[in-house]
Protein chains: 2
Amino acid sequence: MMAERNSDRSGRHDRDSVTTTALRLLDDVGLPDLSMRRLATELGIQPSALYWHFDSKQQLLGAIAERILSRIPLEEHDEIATDADVLSAARSIRDALLAYRDGAEVVLSSYALGFGVDRTQARLRSVLQRRASIGADVAATTLLQFVIGHALLVQQRLHAESLGATHLVGDDTTGDVSSVFDDGVMLFLHGIDAAAKRPEDHSEV
Amino acid sequence: MMAERNSDRSGRHDRDSVTTTALRLLDDVGLPDLSMRRLATELGIQPSALYWHFDSKQQLLGAIAERILSRIPLEEHDEIATDADVLSAARSIRDALLAYRDGAEVVLSSYALGFGVDRTQARLRSVLQRRASIGADVAATTLLQFVIGHALLVQQRLHAESLGATHLVGDDTTGDVSSVFDDGVMLFLHGIDAAAKRPEDHSEV
DNA sequence: ACCTGAACACCGTTCAAGT
DNA sequence: ACCTGAACACCGTTCAAGT
């Protein structure tokens, strides 16, 4: 019922236009239904044609992941980072992951292969650099793992809700999702400050 | 080259024995190669026979997820929770997720459907209950999201390493994985304590 | 209670060949 | 430079039928 070959005016495609259509298709149907064959149909070409543009589906997903993460602004200002700065950095990463359906899962699946890692890592590290005395990269890594875990669980819940099963998970007892996120980030920040005040008391347990 | 029907001595299977074989197969070949057809071959039966035991592959994965999470000890002692108690609670969840190949991903995929949620949630909440004045469930949710994100990224990296691409990710600049985990948990704990001392100063930004 | 056999509607990927 | 056509080796799932 949809029009075929709708991404471009010309009959032929390149890496970028294919990625654009793939990203839209992902948002429409979700990751489990994003198949090479379905994407090819959407583009009005044969499935095999996709392998001229990409070596594999995994590589296509990597290109999608980079598009998703490109929403993260790299630097706003470089004065001393306030609580609000760190919070907005964390939010910008979360927002990028949540902007497209199953975005967090796509990014996760490509993350270890190196797609768009620099951007996310750099964003957090730079804002934490002039804040944490304990070690900006430990703090950045921890915060990033929290953000990714958060986004994955949020989208996982959306996935379940769209399957009819309503709120089987128990943790919606705690207010709305985004304020829990903010609280989580602030927990981190206070932890960093506390670690700066009394350092080296948490190495062994 | 492997022996067929190796999970049980009797010729027929039940839900539990199928789950056991599936869990072992998961650990051997990983989630992408854990197919219903391959599992059936491993059990020495036809693929269709699996649908007598489970309604769908998703339901089978749910059973696997519950097995994985059953490694989490529920309660050790109920005195006042020290730093070490919280840390060991977080570790026990992480260890369960990391105990089997792709365990974190399996748990994530079943999490929103309610498999084994109570166990993980309860473990953290109970230990944080008599610690955080700010709200044990916010703290538990945040910590849980961190633990899941951590485990997913660790296994994602293992996945990438087994594909030959060695250390493309940048965050191994920070020591070994498990000490970064511990540091992350401690960051949380200090944040909780700090929030208890100066409450209500982080609501709006 | 547990399983077979056959079928349906799909996958990702390769490769020679076309324009 | 970009695509077709045909094939290969797979998927999850259903369903009548067997024991």
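The model shown is predicted, which means the values in this text are computed figures rather than measured ones.

Caption draft 1: Seen up close, the protein's contact with DNA strand C. Lining the immediate environment of DNA strand C, one finds 17 residues, of which Arg37 and Tyr51 of chain A together with Gln46, Ser48 and His53 of chain B sit closest. Among all atoms of DNA strand C positioned within 4 Å of the protein, those belonging to sugar or phosphate total 57%. One of the side-chain nitrogen or oxygen atoms of Ser35 of chain A is found 3.0 Å away from a phosphate oxygen of DNA strand C. At 2.7 Å from a phosphate oxygen of DNA strand C is found a side-chain nitrogen or oxygen belonging to His53 of chain B. Looking at the surface near DNA strand C, the elements that each hand over two or more residues are helix H2 (36-43) of chain A together with helix H3 (50-53) of chain B. In the surface near DNA strand C, the residues fall into five nonpolar, eight polar and four charged.

Caption draft 2: Structural view of the layout of surface pockets. Considering only enclosed or pocket space, the largest pocket measures out at about 1200 Å³ in volume. Contributing to the lining of the largest pocket are 33 residues, with Leu31, Glu105 and Ser109 of chain A together with Leu31 and Glu105 of chain B lying nearest its centre. Looking at the lining of the largest pocket, the elements with two or more residues in it are helix H4 (57-69), helix H6 (103-111) and helix H8 (136-161) of chain A together with helix H4 (57-69), helix H6 (103-111) and helix H8 (136-161) of chain B. When its residues are assigned to classes, the lining of the largest pocket shows 16 nonpolar, eleven polar and six charged.

Caption draft 3: Local environment of H2 of chain A. Residues and elements named next belong to chain A. Burial in H2 covers these residues: Met36, Leu39, Ala40, Glu42 and Leu43. On an axial view of H2, the arc spanned by its buried residues comes to 160°, and they lie on one face. The exposed set on the far side of H2, more than 90 degrees from its buried face, consists of Arg37 and Thr41. Contacts from the buried residues of H2 go to helix H1 (15-29), helix H3 (50-53) and H4. Gly44 sits one or two positions beyond H2 and adopts a positive phi of about 75°.

Caption draft 4: View of the pattern of salt bridges. Residue and element names in this part refer to chain A. Per the counting criterion, the structure on display carries ten salt bridges over all chains. A salt bridge links Arg91 to Asp182; the shortest N-O distance between them is 2.5 Å. With Arg91 in helix H5 (residues 83-99) and Asp182 in helix H9 (residues 177-197), the pair connects residues that are 91 residues apart, well separated along the chain. Here Arg91 falls in the partly exposed class, since its relative accessible area comes to 28%. Arg94 is paired through a salt bridge with Asp95; the nearest N and O atoms lie 3.0 Å apart. Salt bridges sharing common partners tie together Arg24, Asp28 and Glu42.

Caption draft 5: Looking closely at the side chain of Gln145 of chain B. Among the structural elements, Gln145 of chain B can be located in helix H8. Overall, the relative accessible area of 5% leaves Gln145 of chain B in the buried class. Leave out the neighbours within four places in its chain, and Gln145 of chain B touches Gln145, Phe146, Gly149, His150 and Leu153 of chain A.

Caption draft 6: The arrangement of the protein's contact with DNA strand D in detail. The environment of DNA strand D is made up of 17 residues, and the closest members are Gln46, Ser48 and Trp52 of chain A together with Arg37 and Tyr51 of chain B. In DNA strand D, atoms within 4 Å of the protein come from the sugar-phosphate backbone in 56% of cases. His13 of chain A places a side-chain nitrogen or oxygen 2.9 Å from a phosphate oxygen of DNA strand D. Residue assignment for the surface near DNA strand D shows that the elements contributing at least two residues are H3 of chain A together with helix H2 (36-43) of chain B. Taken together, the residues of the surface near DNA strand D sort by class into five nonpolar, eight polar and four charged.

About the cut-offs
- Sequence positions are assigned chain by chain, starting from 1 and proceeding in written order.
- Here every chain gets a letter starting at A, and every ligand a number starting at 1, in the order they are written.
- Local features are withheld for residues below a pLDDT of 70 in this predicted model, meaning they are given only at 70 or higher, and side-chain atom pairs are given and counted only at 80 or more; totals for whole chains, interfaces and linings count all residues.
- Computation of side-chain values covers all heavy atoms of the structure but excludes hydrogens and water.
- The near set for a molecule or strand comprises every residue that places at least one heavy atom within 4 Å of it.
- Contacts described as polar in this section are N or O atom pairs within 3.5 Å, which, within protein, must combine one atom able to donate a hydrogen with one able to accept it, while residues neighboring in sequence count only if both atoms come from side chains.
- By definition, any uninterrupted DSSP run of H or I lasting at least four residues is a helix, any uninterrupted run of E lasting at least two residues is a strand, and each is numbered from the N terminus.
- Residues are grouped as follows: Ala, Val, Leu, Ile, Met, Phe, Trp, Tyr, Cys and Pro are nonpolar; Asp, Glu, Lys and Arg are charged; all remaining types, including Gly, are polar.
- Cavity: a set of points on a 1 Å grid over the protein atoms alone where a 1.4 Å probe fits but cannot get out. Pocket: an open set with protein on both sides within 12 Å along at least five of seven lines, its lining residues, like those of a cavity, having an atom within 4 Å of a point.
- Grid points are joined across faces, edges and corners, and a volume is the space filled by probe spheres set on the points.
- Think of it in three bands: with a 1.4 Å probe and only protein chains considered, a residue is buried below 20% of the maximum accessible area for its type, exposed above 50%, and partly exposed in between.
- Our arc is simply the arc of the directions from the helix axis toward the C-beta atoms.
- In what follows, a contact means two residues having at least one pair of non-hydrogen atoms within 4.5 Å.
- Any carboxyl oxygen of Asp or Glu within 4 Å of a side-chain nitrogen of Lys or Arg constitutes a salt bridge here.

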